[in-house]
Each structure stands twice: as structure tokens, then as C-alpha cells.
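# A look at the structure
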Amino acid sequence: MDAKEPQNSILDAIDGRSSHSSNGDIPKEPAAAAESHDIEKTASIVLPPPYTAFTPGRQLLIILIATAAGFFSPVCGAVYLPSLKLFEKIFNTTSGVINGSVSIYWAVFGIAPLFGAPASDFGGRKTVYIWSLAVFLVANGLLAALPPTLGGLFTLRVFQAIGSSMVTSVGAGTVADVTEPAKRASRMGLFLLGPQLGPLLGPLIGGQFSSESRWRWIFGFLSIAAIPVYTLMLFFLPETLRCLVGNGSHYAEKGWFVVPRFRQKQVVPDGEYPRPPRFTPKQLFRVLLFVPNCIVTLSSAFNFAGLSTMYVVFPTVWQTKYGWSGSETGYAYLAPGVFLLLASFAIGRFSDFQYRRYKAKHEGKAPAPEWRVEMQLYAYIITAAGKAMFGWFILRHYHPVAVLVAISLAAVGTGMIMILSTSYQTECMPTSAALLVALGGLLRNVGSAIAAAILDSLLGRMGYGWFFTGLAFMDIACISGLVFIRFRGHVYRENFTASSKPALSPK
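Definitions and cut-offs
Residues numbered from 1 in each chain as written. Predicted model: local features only at pLDDT ≥ 70, side-chain atom pairs only at ≥ 80, totals over all residues. Heavy atoms only, no water. Helix = DSSP H or I, 4+ residues; strand = E, 2+ residues; numbered from the N terminus. Buried < 20%, exposed > 50% of the residue type's maximum accessible area, 1.4 Å probe, protein only. Contact = heavy atoms within 4.5 Å. Areas by Shrake-Rupley, 256 points an atom, 1.4 Å probe, with all protein chains shown as cover. Expected span 1.5 Å × (residues − 1). Polar contact = N/O pair within 3.5 Å; in protein donor to acceptor, adjacent residues only side chain to side chain. Core = buried A, V, L, I, M, F, W, Y, C linked by side-chain atoms within 4.5 Å. Domains from an automatic or database assignment. pLDDT = per-residue confidence, 0-100. Salt bridge = Lys/Arg side-chain N within 4 Å of Asp/Glu carboxyl O. Phe/Tyr/Trp six-rings, centres within 6.5 Å; stacked < 30°, edge-to-face > 60°. Lys NZ or Arg CZ within 6 Å of the ring centre and 35° of its normal. Axes fitted to C-alpha atoms, helices over the stretch in contact; angles between N-to-C directions. Parallel < 35°, antiparallel > 145°, perpendicular 65-115°, else oblique. Left-handed = near helix turned anticlockwise from the far one by under 90°.

On to the overall build of the protein. A tally of helices and strands in the protein yields 20 helices and zero strands. Put simply, the protein has 507 residues, and 54% of those count as buried. Within the protein, contacts between residues at least 6 apart in sequence are counted, and of these 81% link residues at least 24 apart. When the accessible area of the protein is evaluated, it comes to approximately 22,200 Å², of which 67% is carbon and sulfur surface.

With that out of the way, let us pick up helix H5 (residues 95–111). Between the first and last C-alpha of H5 there are 25 Å, a value that for 17 residues agrees with the 24 Å anticipated at 1.5 Å per step. What H5 keeps buried is the set Ile 98, Asn 99, Ser 101, Val 102, Ser 103, Tyr 105, Trp 106, Val 108, Phe 109 and Gly 110.

What follows covers the side chain of Ser 421. Here Ser 421 shows up in helix H19 (residues 400–428). On the basis of relative accessibility, which here comes to 2%, the residue Ser 421 falls in the buried class. In terms of polar contacts, Ser 421 uses its side chain to reach the backbone carbonyl oxygen of Ile 417, at 2.7 Å. When residues no more than four places from it in sequence are discounted, the contact partners of Ser 421 are Val 296, Ser 300 and Gln 376.

This paragraph deals with unusual backbone geometry. Leaving glycine aside, a negative phi is the common case for residues, and trans is the common case for peptide bonds. Unusually for a residue other than glycine, Asn 92 sits at a positive phi of about 55 degrees. Residue placement: Asn 92 occurs in the loop between helix H4 (84–90) and H5. Here Asn 92 falls in the exposed class, since its relative accessible area comes to 70%. A positive phi is found at His 397, a non-glycine position, where the angle reads about 55 degrees.

Let's shift gears to the nonpolar core. Counting residues in hydrophobic clusters, the biggest one holds 121 residues, and the most contacted among them are Phe 87, Phe 390 and Phe 468. Looking at this core element by element, the count peaks at 14 residues for helix H20 (residues 433–504). Split by domain, the residues of this core number at least three in each of domain 1 (52–254 + 267–278) and domain 2 (280–490). If we ignore the near neighbours within four places in the chain, the residues touching Phe 87 are Tyr 80, Asn 92, Thr 93, Ile 98, Trp 215, Ile 218 and Phe 219.

Atom-level detail of predicted coordinates should not be read off regions where pLDDT is low. For the protein, per-residue confidence averages 77 on the pLDDT scale, and 82% of positions sit at 70 or higher. Note that pLDDT drops below 50 for residues 1–29; the model gives that stretch 23 contacts with residues more than four away or on any other chain.

Under the defined criterion, the tally for this structure stands at three salt bridges. Residues Asp 177 and Arg 125 are paired through a salt bridge, measuring 2.9 Å at the closest nitrogen-oxygen approach. A residue pair is termed long-range when its members are at least 10 positions apart, and Asp 177 in helix H8 (residues 150–178) and Arg 125 in helix H7 (residues 125–145) qualify at 52 residues. Comparing Asp 177 with Arg 125 shows no difference in burial state: the two are buried. Of the charged contacts in the structure, one is a salt bridge between Asp 475 and Lys 387, with a shortest N-O distance of 2.8 Å. In this pair, Asp 475 is assigned in helix H20 and Lys 387 in helix H18 (residues 374–395), connecting sequence segments 88 residues apart. Overall, Lys 387 belongs to the buried group, its relative accessible area being 0%.

Okay, the packing of aromatic side chains next. Scanning the entire structure with this criterion turns up 18 aromatic pairs. When the centroid spacing of 6.2 Å and the interplanar angle of 20 degrees are considered together, the rings of Phe 314 and Phe 390 count as stacked. One end of the pair, Phe 314, is in helix H15 (residues 291–321); the other, Phe 390, is in helix H18, and 76 residues separate them in sequence. Neither residue differs from the other here; Phe 314 and Phe 390 are each classed as buried. Clustering of aromatic rings is evident, with ring pairs tying together Tyr 311, Phe 314, Trp 318, Tyr 322, Trp 324, Tyr 333, Phe 390, Tyr 464, Phe 467 and Phe 468. The ring centre of Tyr 51 lies 3.9 Å from the NZ or CZ of Arg 242, which sits over that ring.

Secondary-structure assignment places Gln 376 in helix H18. Residue class for Gln 376 comes out buried when judged on its relative accessible area of 1%. Those residues in contact with Gln 376 that lie beyond four places of it in its chain are Ile 417, Leu 420, Ser 421 and Leu 482.

Let's shift gears to the packing of H7 against helix H11 (residues 217–236). Two elements in contact, H7 and H11, have axes whose closest approach is 9 Å; the angle formed by their N-to-C orientations is 160 degrees. It follows from the interaxial angle that H7 and H11 lie roughly antiparallel. In the crossing of H7 with H11, the sense of the turn from one axis to the other is left-handed. When H7 is examined against H11, the residues Lys 126, Tyr 129, Ile 130, Leu 133, Ala 134, Phe 136, Leu 137, Asn 140, Gly 141, Leu 143 and Ala 144 are found in contact with a partner set consisting of Phe 219, Gly 220, Leu 222, Ser 223, Ala 226, Ile 227, Val 229, Tyr 230, Met 233 and Leu 234.

Written out as C-alpha cells, the structure reads:
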């Protein structure tokens with residue numbers, strides 16, 4: 001063809017028409033050759049693959065299954081709380097020993113994800129989901145059926161914690177797998193509805209079984225409720241780990257029904273999607289001691305331990321000081337639970353709105369992850385005020401509404417902190433999302449376990465007012481660390497990213 005001859009438009013090529021001269025002297029290409037030529041011409045305008053190949057409806061289903069699975073970890077701990085006084089009688093022991101069963105649950109709940117999260121980063125998310133929730137089902141069935149012994153209680157509480165805790169950290173990785181960063185905070189808020197519904201619904205459910213004739217149904221309910229979630233997980237949850245299945249096109253091209261597999265084979269070429277860093281003690285400490293992550297994780301742990309302490313004293317406060325029954329105590333947990341839930345959902349959507357607004361104003365440039373830290377400053381002030389008010393209101397025996405308002409304020413701040421800190425961490429280290437959530441859970445729950453273990457002793461020495469004021473001062477002290485991250489966090493993040501490149505490169 002003459003180089004000076006005008007070309008037809010791309011639309012002509014797509015329609016299958018070959019270019020030819022206006023006088024028709026040059027013959028048309030054969031059909032097969034024309035088709036090949038057209039494909040070559042249009043290949044240059046093919047857009048890159050989307051972040052995820054799953055439809056919005058399929059993404060929502062995946063996140064809802066992860067949310068439902070994450071519900072069982074906190075509800076398993078919270079459903080137990082209204083019956084703490086009853087269990088002293090059932091197991092013929094003291095309040096310190098029963099509080100110890102709360103502590104051991106939280107401690108194992110924090111440690112177990114350190115093994116589940118790395119396993120999910122290499123063997124696949126679904127494998128960990130299947131095995132961990134199966135352990136949870138068996139442990140609850142045995143607690144509901146076996147005679148009440150302290151040894152059985154403590155042992156099976158350990159397995160409850162192992163089974164339920166792993167799915168929470170894995171769920172955060174699932175959300176990161178199928179959600180682009182611009183939507184991640186609101187999607188993370190949706191996912192964390194599961195863990196946050198635990199403190200809301202757990203005590204309410206447990207309060208209905210807080211009697212000598214029905215206490216076994218606390219554990220029987222957990223088993224029955226987990227069965228439909230386990231079924232959905234088996235047959236409708238695809239593998240999402242990106243280094244194994246990429247953006248999910250392998251599953252998106254098929255129906256929503258998934259044949260259960262206990263091990264997902266890699267279906268994308270090596271190196272196409274980065275693998276998470278290999279889990280070693282050195283890597284664990286490297287991530288934990290990354291200065292911004294260390295500050296955010298420890299601050300969140302102190303804050304969450306304070307709220308957990310408020311939940312633990314609820315039965316004593318309402319049943320001893322205010323004369324309420326076990327079921328009425330369960331209803332009291334609704335106030336902080338509802339406000340924590342609403343705050344988490346609202347702050348996730350607001351944070352993503354601000355994220356998109358920033359990009360629109362800066363020609364599509366995304367804000368630095370440290371931008372997520374700013375709103376946490378207000379959250380720590382809110383939660384500190386709620387804790388101090390809670391302690392003094394109980395000490396002076398204020399009206400129950402005042403006490404509930406105080407703990408609701410503390411819950412609002414905690415909900416905001418959980419969403420914003422998780423979003424910040426997953427943006428700093430997107431390939432280590434599950435490990436980051438596991439580390440955060442470790443410190444939060446170990447802190448809660450320690451707080452529950454020393455609670456009676458400190459309350460006896462300090463009283464409600466000064467004890468919870470001390471927790472408020474700890475929250476205020478955390479603000480200085482967040483200010484440091486806001487102005488210097490980018491330096492540590494850039495250095496960490498630069499030093500991680502060789503480890504993240506495909507072999």
C-alpha cells in the first residue's frame with residue numbers, strides 16, 4: 001500500500017474492512033488475513049485488566065461471607081460476658097478464675113492469627129477459612145455437650161479462639177484482594193461490621209441463656225449459627241489470593257458456585273502478581289518494628305484494651321451496683337455496640353469520600369497513606385472522654401443512661417480508630433494485609449487479656465473513677481505518636497519499600 005494513501009479509521013478495522021485505495025486497483029486481503037490484521041491494529045487500544053474481574057455483586061458476596069465468618073470471633077467472647085457471675089456457680093470457682101477464662105480466650109485469639117495469616121498468604125485464603133471454622137464448630141459442640149469442668153472449659157476456649165480468630169485476619173486479606181484502594185476504607189468498614197457486631201449481639205444473645213437451665217445453649221447457638229456460614233464458604237467463596245489467582249478472572253468466567261478445594265493451585269504466571277513476603281520471625285519483627293506500624297498498632301491496642309475492660313466490668317456494674325438481671329445486662333451492651341457499628345461504617349464511607357475528593361482535586365494523584373491518620377486524632381479525644389466519664393459516673397452512681405452515654409462515646413472513638421488504622425496499614429503494606437491485621441489483633445487481644453487479669457486488683461486499689469481516667473490518659477498519650485506519623489511517616493514508608501524490593505521480587 002502506498003505510504004501516502006490515507007488510512008481508514010479504527011472503526012473500519014474493527015468492522016473488518018481493510019484499507020484500500022480510492023481507485024480500487026489494490027485487491028482486498030483474504031478474510032483470515034484481514035481478521036489477523038484487524039486484531040493487531042486494535043490490540044494497542046486494549047485497556048489493562050481491571051483490579052478485580054469479579055462483578056460488583058460477586059465482590060459484595062465475597063465480602064459478606066468474610067464478614068459473616070469474622071462475626072464469630074468477637075461474638076464468641078462477648079456472648080460469654082453476661083454469664084460470668086453465673087459461671088462462678090456452675091463451675092464452682094471464683095471470679096478471678098472465670099475472668100482467667102476470658103483472658104486465655106483473648107490471648108489465644110491474638111496469637112493464633114500469626115500462623116493463620118501467613119498460611120493464607122501462601123496456601124490460599126479459602127484453605128484457612130475451611131479448617132479454622134471447622135475447629136470452631138467442633139469446640140462449641142463439645143462445650144455444649146460435655147459435663148462442666150474447669151479443665152474442659154479452658155481447653156475448649158483455647159480451640160474456640162484458634163478457630164474463630166484466624167478468619168478475621170484472613171478476611172482483611174480477602175477484602176484487599178478484591179477491592180481497589182479508592183474503595184478500601186468503606187469496604188473494610190463493611191467487613192469489620194462482622195467483628196463489631198460481636199460486642200453488639202453477643203451479650204444480647206448470651207443474656208437470653210444466662211440461667212442454670214439454659215447456659216449450654218450459649219455454645220450450642222454458636223455451633224448452629226456457624227453451619228450456614230460454613231456452607232456458603234465451601235460452595236460460594238472463591239479463592240482470592242492474588243499471587244495464586246490474579247484478579248479472579250479464573251473464577252469470574254465461571255458461575256458463582258465453587259467446587260470446594262482444600263488447596264488452590266496457582267493459575268497465574270510467576271511474577272505477574274507480587275507474592276507476600278515469606279513469613280519468618282525476622283519478617284514478623286521487621287513488620288512489627290516498622291515505626292509507623294508499631295505506633296499505630298500499639299496505640300490501637302491500648303485503646304481497644306480499655307474498651308474491653310469496660311465490657312468486662314459491665315456484669316458487675318449492672319448486676320451488683322444497679323441490681324439488673326443477666327438478660328437486662330445483655331441489653332445494656334446494645335448501646336456501645338450500636339454506636340461502634342455506626343461510627344465504623346460512617347467513618348469508612350467518609351474517609352473514602354475524602355480520598356476520591358483529594359484525587360479529583362489533584363489530577364488523579366492519590367493521597368499519601370498518612371492522610372488516613374489525621375481523623376484518628378479526633379477519635380482518640382472522643383474515646384478518652386467517654387472512658388473518664390464512665391468511671392466517674394459509676395463511682396457517683398449516676399443514672400444508667402449517663403453511664404451508657406459514656407461507654408457509647410468510648411465505643412465511637414474505638415470504631416473510628418479500628419477502621420482508619422487498618423486502612424492506613426493495608427495501604428502502607430498491601431501485600432502483608434493479613435499479617436498486619438493478625439499483628440494488630442495480637443496486641444489488642446493480649447492487651448485485653450492482661451487488662452482482664454489485673455482488673456479486679458486495680459479497681460480495688462484505684463476505684464472506678466481513677467482507673468478509667470488512667471485509661472483515658474493513655475489514649476491522650478497516643479496522640480503524640482500519630483502526630484509524628486503524620487509528618488514523618490512517609491520517610492519510614494519510603495525506606496521500608498526500598499529495602500523490601502529484593503524480597504518482593506519474583507524468583
